[in-house]
Structure formats: structure tokens, C-alpha cells
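# Working through the structure, step by step
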Amino acid sequence: MRVGIVGSGLRGQMYGQALSRVSDVEVAGMCDLSDRARASAAERFVGPVLSSHQELYALGLDAVVIATPDFAHLTPALDAANAGLHLMIEKPLATTSAEAQQIVDAVNTNVVSCLVAFENRWNPHFLKVRALIDSGELGDIVSVSAVLSNTYFVPESMLSWSAKSSPGWFLMPHTLDLAMWLADSAPASATARGHKGILAARGIDTWDSVDALVELESGAVVNLRSSWILPTSSPHIVDFRLEVIGTKGSARIDMSDQGLHTSTDRFASHWALSAQVDGIGQGMAEWMVQSWARHLVAGDPVGPGAEHGAVITKTIEDIHNALD
Ligand SMILES: NC(=O)c1ccc[n+]([C@@H]2O[C@H](COP(=O)([O-])OP(=O)(O)OC[C@H]3O[C@@H](n4cnc5c(N)ncnc54)[C@H](O)[C@@H]3O)[C@@H](O)[C@H]2O)c1
């Protein structure tokens, strides 16, 4: 199976490396609009690194990974579906519900498969909670609360396009997906409050922090917080915690604390789940893309798919509309 990667930034390069170890899969090429990203990818990747997705698709592919910025998934996704290529698309599927629906329609019309990269479904911590819920141990889910936030590093130094995204678009799709998956239900309504001004004063005109309250069709209440203004002195650039409360029990996950701490000039915690084994990064994103490729090779279905991604996009859009 020949896979192409659109966007050779942080995620595209990581996916390329992870796919290089999957049997019967060849990373046929990558592309990026930026000279710098192409040069960086060319240092690590032996295949062609092209300057447009059209040139990449002309190589003759079976599937593509779309790892462009949040707001730039639409055109490469539509062109891929129309060329009959299977898709893995980074979250959020799109940043407007109209664009998300166009991708859903293109996937359905062309009868291609699509996985939206909600990587936490490949995270052993959350898989364990899902299994506890399946066993009935927690009872019916009545409440999910989650924090997924970043320090200033992410909007100021990691993402060149943060002003065109927000903590709501970049982070909250993950926690909303987890809440829907764990409670096995879809959003019925969403409201939100947020804060703006701190990042704007630092030249990035987007929300500092978003708090959302989502009611699911099951009646479960979901409380989500995503912020981009945690101090850089925080132990890690990501703060990620989730609690699920059921009628018989509860579960609490702290992904920020993976049990590895260092004290040097400051205290820090580290993500053990991003260690390398045999030179290949490990962790949920790598396991997700490898699982996706193996499923495609075997002809098995993949998911969560474009329809689910569109529901998440619509809800995150509702959350932003409630902020304005
Ligand atoms: N799951 C996670 O934890 C996680 C983490 C980071 C990023 N992401 C998601 O992955 C996606 C990419 O993020 P990133 O951090 O790799 O960003 P990045 O800026 O490092 O890389 C994106 C690359 O896409 C390129 N690009 C833009 N438009 C393009 C186009 N039309 N064709 C080809 N290349 C194009 C840019 O030049 C850039 O090099 C985003 O949707 C983001 O939300 C997910």
C-alpha cells in the first residue's frame, strides 16, 4: 500500500517515521508548501518531498495522511477522496461545519474510507477506562470533565498558525471525542465562556482560554476546559486530565503525570509515552497511524470516521459561537 503524506511539519514527519515500520506499507512521498518544512523532511525521509498535494497524488497512491494546519484540511482531503484515495485526516476534521460536511460528502460519494485522528482512542489509559465502562463497573456515565491545556510555548513557539486556530479548535476536539466515546453518546447542546486579550496583546489574536459545557443526548454532562496561557514554568507543556463519573463508580486519568519527573534548574515532568524504541517514536499517535495502515492493508474498516469528525467540528463551532 502506497501512502502519501500532505504536510511535512511536526505531525507529518512523525507519521512518516511511524509508517516506515509497517509491513506492506510504503511511504511513497510527502509534500509541503513551505521550503523550510520540505528541507527538514528531506533530511529525514529518503523518498520525494514535493511542493503540492497534486504532485504527490500523481505518484500513484492508495491512501493519504492529511497533516496540514487545522484550517487547511479541506482541499487536499477533497482532492484525495475524488482521486479514490483512503484518508487519515488530522483533528479537527475542519474548522467550519460547512467544510466538514463537504469532506463527509466526498468520502461517501467516492466510497473511500476515512479516519479522523482522535489519537486518544489508541491510548492505553483511555482504552482501560473504556473497558471498565464496557464491563459495567462504572455504571451509566453521568458526567465527564476534562482539562487539556498548553503553556504559552504552543501558541507562541510551536505553531506558526496559532492565530488562525484556538485552544478550542486545537485541543478541545480531543476531549470532546473522549467524552462522546466514553459516554457513548452525541452532543445535544453546547454552551461556553472564554477569555481573550492576553495572547492578543502578545500578537496572537485568538482565545486565551475556553470553558465549555456540553449536554449529551444520553443526559450526561460534559465539562471541558482548554487554555493556551499556562505559564512556561509548568512541569510540562501539556496539562491533560480527565474524570468520568458513573452511577456505580468513577475513573480519573492524569496524562500530565506519566511518572517521570526531573529536577534540574527547574522541576519538570516528561511524557514517557513519547520515548523511542529501536529509533521509532512510540505513543498513541504512532500506534494510531500504524493501526490505520494495518487495517487498510487487511481491508478492515477504520474509524472514527468523517461523520463523527463532522459532529465534533459542529460542536466546537457552536462552542466558539457561544463565546462571541
Ligand atoms: N493530536 C495531537 O496531539 C496533535 C498535535 C499537533 C498537531 N496536531 C494536528 O496536526 C495538524 C498539523 O499540525 P502540525 O503540528 O504538524 O503543524 P505544522 O505547522 O508543524 O505542519 C503543518 C505543515 O503543513 C504545511 N501545509 C499547509 N498547507 C498545506 C497544503 N495545502 N499542502 C501541503 N502542505 C501544507 C505547512 O507548511 C506546515 O509545514 C493540525 O491539524 C493539528 O491540529 C495534532
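Summarised in this report is the structure supplied together with it. (Residues numbered from 1 in each chain as written. Predicted model: local features only at pLDDT ≥ 70, side-chain atom pairs only at ≥ 80, totals over all residues. Heavy atoms only, no water.)

### Concerning the sheet that holds strand 9 (residues 207-216)
Strand order across the open sheet formed by six strands is 8-9-10-7-11-12, with mixed pairing between neighbours. Every interior strand has two partners, whereas the edge strands, strand 8 (187-196) and strand 12 (250-254), have only one. Strand-to-strand twist across the sheet, computed as the mean angle between neighbouring axes with direction ignored, equals 10°. The sheet strands contacting helix 6 (residues 124-134) are strand 7 (141-150), strand 11 (238-246) and strand 12, and the helix crosses strand 12 at an angle near 175°. (Pairing = 2+ DSSP bridges. Helix = DSSP H or I, 4+ residues; strand = E, 2+ residues; numbered from the N terminus. Axes fitted to C-alpha atoms, helices over the stretch in contact; angles between N-to-C directions. Contact = heavy atoms within 4.5 Å.)

### Thoughts on the site of the ligand
Surveying the vicinity of the ligand reveals 21 residues, the closest of which are Arg11, Asp32, Asp70, Lys91 and Trp161. Here an oxygen atom of the ligand and a backbone polar atom of Leu10 are 3.0 Å apart. One of the side-chain nitrogen or oxygen atoms of His73 is found 3.0 Å away from an oxygen atom of the ligand. Isolated, the ligand exposes 840 Å² of accessible area, and the fraction of that covered by the protein chains is 86%. Looking at the shell around the ligand, its residues break down into nine nonpolar, six polar and six charged. Here the shell around the ligand gathers at least three residues from each of two domains, domain 1 (2-120 + 284-305) and domain 2 (121-275 + 308-323). (Near = heavy atom within 4 Å. Polar contact = N/O pair within 3.5 Å; in protein donor to acceptor, adjacent residues only side chain to side chain. Areas by Shrake-Rupley, 256 points an atom, 1.4 Å probe, with all protein chains shown as cover. Nonpolar A, V, L, I, M, F, W, Y, C, P; charged D, E, K, R; others polar. Domains from an automatic or database assignment.)

### A closer look at the pattern of salt bridges
Under the definition given, this model contains 11 salt bridges. For the salt bridge of Arg241 with Asp239, the shortest nitrogen-to-oxygen distance reads 2.6 Å. A relative accessible area of 17% means that Asp239 is categorised as buried. What emerges from the salt-bridge pattern is a single network uniting Arg11, Glu90 and Glu119. (Salt bridge = Lys/Arg side-chain N within 4 Å of Asp/Glu carboxyl O. Buried < 20%, exposed > 50% of the residue type's maximum accessible area, 1.4 Å probe, protein only.)

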